[in-house]
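# Observations on chain architecture
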Amino acid sequence: MNELSPYFKAAFSHNYKTGTAEGFVIQRGSFRFSVLSSRIIRVEKDKKRIFTDEATQTVICRDFDRPEFSFFQDNNKITIKTKDICFHFDLAKGRTESITLKDSRCVTDFKSGNLKGTYRTLDMINGSVKLEEGLMSTSGVSVVDDSKTVIMCSDGTMKERRPVQTDDYYFAFGKDFRGCLREFFKLCGAVPLVPRYCLGNWWSRYKDYSQQEYVDLMKKFLEKDIPITVATIDMDWHWVDVLKRFGKENVSGNREDKYSFKSIPEFFQSHGWTGYSWNTELFPDYKAMLSWLREKNFKVTVNLHPAQGVRAFENQYEDFAKFMGIDPKSKKRIPFDITDPKYIEGYFRFLHRPYEEDGVDFWWIDWQQERKTKIKGLDPLWALNHYHTLDLASTGKRPLILSRFAQVGSHRYPLGFSGDTIISWKSLDFQPYFTVNAANVGYTWWSHDIGGHQLGSRNDELYVRWVQLGEFSPIMRLHSTKDEFMGKEPWKYSFAAETAAVNALRERHALIPYIYSINRRTHTDGLALCEPMYYSYPDEKNAYEVPNQFFFGSELMVSPVTRPADKRTFLAPTKVWLPGGRWTDWYTGRIYEGGRFVTMYRDLNALPVLAKEGAIVPLSQNDRTNDYSNPKKLTVRIFRGTNSFTLYEDDGETMNFENGAFAETVLSVREAGRDLLFKISAAKGDLTVIPEKREWKLVFDDISSAKEIVVKVSGRKRSVSPEYKNGKTTITLLSIPAEADVEIEFKSFEARRNPDKKESVVELLSKYQLPTMFKQITLNSFVKDISKPFPLHDPALRGPVEEVLL
């Protein structure tokens, strides 16, 4: 396995220094203290005074900062002081007594106030689960225990760690949550830059499709102009009725091993959860199918259940058995052993790389078994995630998997698969919080079964709300079980639900340039795509009281709808906290002043998505349904304010960006009174990765008109014909070279205004499913004196009206 050494660097894009720099380590008896940064202190205890400088599963770089600090000792009292904290330790008691933060808070209880992290899986969960500990805490201090992890060797393999008493990392960042995450990534490895294609829509279903069925389904998505970028093939790609087809001799093989008929239920033996040979009855020419999918611009991922090893009926068995020193005639099962370097080598050489050459782009690792291996402390799920990531990186591709969360440090192995959830409003209501809160352990790329996986009952509204959450999630993956009525194809729902779902899927695809630019910031700056509100407003109490509300990148704030609509108004309520400032609804254009809570009501076609002041959001306009490449046509939605956004682009799939093969285009807006200046700066970097010329459609969402608009391209004026419609101004610029600067100046603009109050009330009441006479009387009463409370006592009827009146 020595060949894994370069794989490690390729996978994580860094040269990591595992040991702490000399001069930043203090040993006192059986204790060792490492000052890793001005806000991270490591404390080790080992009675034999043998301390760990090697990388572990969690921590891989301890020499990333060399802060100034002072060290004092008064008998058994240790004090370490940096510019940010004062750390106190009692040698006699063997514990940390307190940490004083920069804001003068003295923290003595390191468990209270923890804002939690995430959880391994949501399999069979109906609603919520109790999350594990995270890095962020309202107390300002958290502790990560690294004493039970295994050692990661320089070649990427693992070995057992000798028992230690203590190996704690104290994170003392106060309310600087983003700063905590940035240094966590320096200590534990950066989040990889995920491929561009995975940010579009995925199709997935646990179903025994035939080859023609699957191709026809993908054709139907294309024909209906529903963009899908990732085609997932669940476990029925391989043989599953293995006992009936191949007999006990070829399935069971080695009767004394743990997967013999004596030790595992016959269902699992006969069903063949583990398999590596294509089912040629369903897929008579799988290579042709993979080739067709690639030609139509679909990326392919295939499901794995590796636990049962390799059995005698597999096509690869003979070669793999000989490689492992097993006589193929014995039909002895090759047991799964992710701790054996030889097995790992054969696992990829015989079982995976040939299929990757045929057209499988990455693997969905569906590990649901035990957490033990021959190496004490090594979870097989973690090991699979690790080795699959390294192996794919070794081919020159960006590493990508789909798998469950293993433990802290799993952020290095995106993407996360949250498991087989139960279809219910409770499950939907938990997922925004679950997704966003994972940022608290750096796990930024969760993927859920959008629409829910199993059980539950048919509910079109629930389906649409889940799809809308998926649009503003890290990964948008439709999925369900094989039951006949579980399919998540939009056309299998009512016309209203289909329309809303398709709109969300198309908009998600259009958002790829925006999401991919944030993806870059996740990789380089530690900025999660989905962030809790308290990251931006750590001093605001309200920010901690809206667990389902989050920032989607730097420009948009989202509060998903997770409750059913009222049957009389067709509107669903969502309580939204608006921080100070001006917020504009992404869908309705309504403008809200912040500094308050607002219950927002939305019909089936929308959810509360608010653009901040100065928000700039680039969207693709590719002509091909599922084209996810750097677009020749871009729409940019711009909101009044002062701000900038950097559009990041590269080839989307290789590691060439590490060598500078990327381009960045800065988009900026500056508002001054009734004047506004918008700029597209000349692209910088490697311009070969982006179109030579572009069409820019610039939508100024909250400018209804202007006395004068001046457009300059590379300093020269260009005449344009602005379109004024629905309170927006749209300017389209054709054939703009990548190296050109563009300036658009609005002089004496008119800002968009919210509709007249009476008009808004009439529009709402007209849709209410109530007697017409009752609605007319209510309106007449309101019009007499609009300063009085709206004359309806039922909150479901009054609430939507109050939203537009306030």
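Residues numbered from 1 in each chain as written. Predicted model: local features only at pLDDT ≥ 70, side-chain atom pairs only at ≥ 80, totals over all residues. Heavy atoms only, no water.

Further remarks concern the sheet that holds strand S6 (residues 77-82). Judged by pairing direction, the sheet is antiparallel, and its five strands sit side by side in the order S5-S6-S7-S8-S9 without closing on themselves. The open sheet has two free edges, formed respectively by strand S5 (69-74) and strand S9 (106-107), since each of these has just one partner strand. Inspection of the sheet shows S6 paired to strand S7 (residues 86-90) by five bridges, in the antiparallel sense. Following the sheet pairing, Thr-79 is matched in S7 by His-88. (Pairing = 2+ DSSP bridges. Helix = DSSP H or I, 4+ residues; strand = E, 2+ residues; numbered from the N terminus.)

This part is about empty space enclosed by the protein. For the structure shown, the criterion picks out six cavities of 30 Å³ or more. In terms of lining residues, the largest cavity is bounded by 14 residues, among which Thr-665, Arg-694, Trp-696, Pro-737 and Ala-738 are the most central. When contributions to the lining of the largest cavity are tallied by element, the ones reaching two or more residues are strand S36 (693-700) and strand S40 (728-737). When its volume is computed, the second largest cavity comes out at roughly 50 Å³. Every residue lining the second largest cavity is listed: Leu-135, Met-136, Ser-137, Gly-140, Val-141, Ser-142, Phe-171, Phe-173, Gly-174, Asp-176, Phe-177 and Cys-180. At the level of elements, strand S10 (141-145) and helix H2 (177-188) are the ones that each hand at least two residues to the lining of the second largest cavity. Residue composition of the lining of the second largest cavity, grouped by class: seven nonpolar, four polar and one charged. (1 Å grid on protein atoms, 1.4 Å probe; cavity = no way out; pocket = protein on both sides within 12 Å on 5 of 7 lines; lining within 4 Å. Points joined across faces, edges and corners; volume = space filled by probe spheres on them. Nonpolar A, V, L, I, M, F, W, Y, C, P; charged D, E, K, R; others polar.)

Empty pockets left among the atoms are what a rolling probe the size of a water molecule brings to light. Space inside the largest pocket adds up to approximately 830 Å³. Taken together, the residues of the lining of the largest pocket sort by class into seven nonpolar, seven polar and nine charged. If you list the elements that add at least two residues to the lining of the second largest pocket, you get strand S28 (596-602), helix H16 (757-767) and helix H18 (795-805). Across the lining of the second largest pocket, the residue classes break down as 11 nonpolar, nine polar and nine charged.

Moving on, we get to the sheet that holds strand S24 (residues 556-558). Strand order in the open sheet formed by six strands is S22-S23-S24-S29-S26-S27, and the pairing between neighbours is antiparallel. With one partner strand each, in any of the chains shown, strand S22 (530-532) and strand S27 (591-593) form the two edges of the open sheet. Here the average twist between neighbouring strands, direction ignored, is 35 degrees. As judged from the three bridges shared by strand S26 (residues 582-585) and S27, these two strands associate in the antiparallel manner. Bridge assignment links Trp-583 to a residue of S27, and that residue is Tyr-592. (Axes fitted to C-alpha atoms, helices over the stretch in contact; angles between N-to-C directions.)

On to the pattern of salt bridges. A full pass over the atoms with the stated rule returns 53 salt bridges. Of the charged contacts in the structure, one is a salt bridge between Arg-637 and Asp-701, with a shortest N-O distance of 2.8 Å. Taken together, the residues Arg-637 in strand S31 (residues 633-638) and Asp-701 in the loop between S36 and strand S37 (703-713) connect sequence positions 64 residues apart. When sorted by exposure, Arg-637 lands in the same class as Asp-701, which is buried. When the shortest N-O distance is used, the salt bridge between Glu-649 and Arg-694 registers 2.2 Å. (Salt bridge = Lys/Arg side-chain N within 4 Å of Asp/Glu carboxyl O. Buried < 20%, exposed > 50% of the residue type's maximum accessible area, 1.4 Å probe, protein only.)

This part takes up the packing of helix H11 (residues 425-437) against helix H12 (residues 460-471). Axis separation between H11 and H12 bottoms out at 11 Å; the angle between their running directions is 15 degrees. Compared by their axis directions, H11 and H12 come out roughly parallel. At the point where H11 passes H12, the crossing takes the left-handed sense. Facing H11, whose interface residues are Trp-425, Ser-427, Leu-428, Gln-431 and Pro-432, H12 presents Glu-461, Leu-462, Arg-465, Trp-466 and Leu-469. Grouping the constituent residues of the contact of H11 with H12 by class yields six nonpolar, two polar and two charged. (Parallel < 35°, antiparallel > 145°, perpendicular 65-115°, else oblique. Left-handed = near helix turned anticlockwise from the far one by under 90°. Contact = heavy atoms within 4.5 Å.)

All right, on to the confidence of the model for the protein chain then. Mean pLDDT over the protein chain stands at 92; residues scoring 70 or higher make up 96%. Between residues 1-8, whose pLDDT stays under 50, and residues either more than four places distant or in other chains, the model counts 24 contacts. Here residues 258-264 is a poorly scored stretch, pLDDT under 50, and it has 22 contacts once near neighbours within four places are set aside; other chains count. (pLDDT = per-residue confidence, 0-100.)

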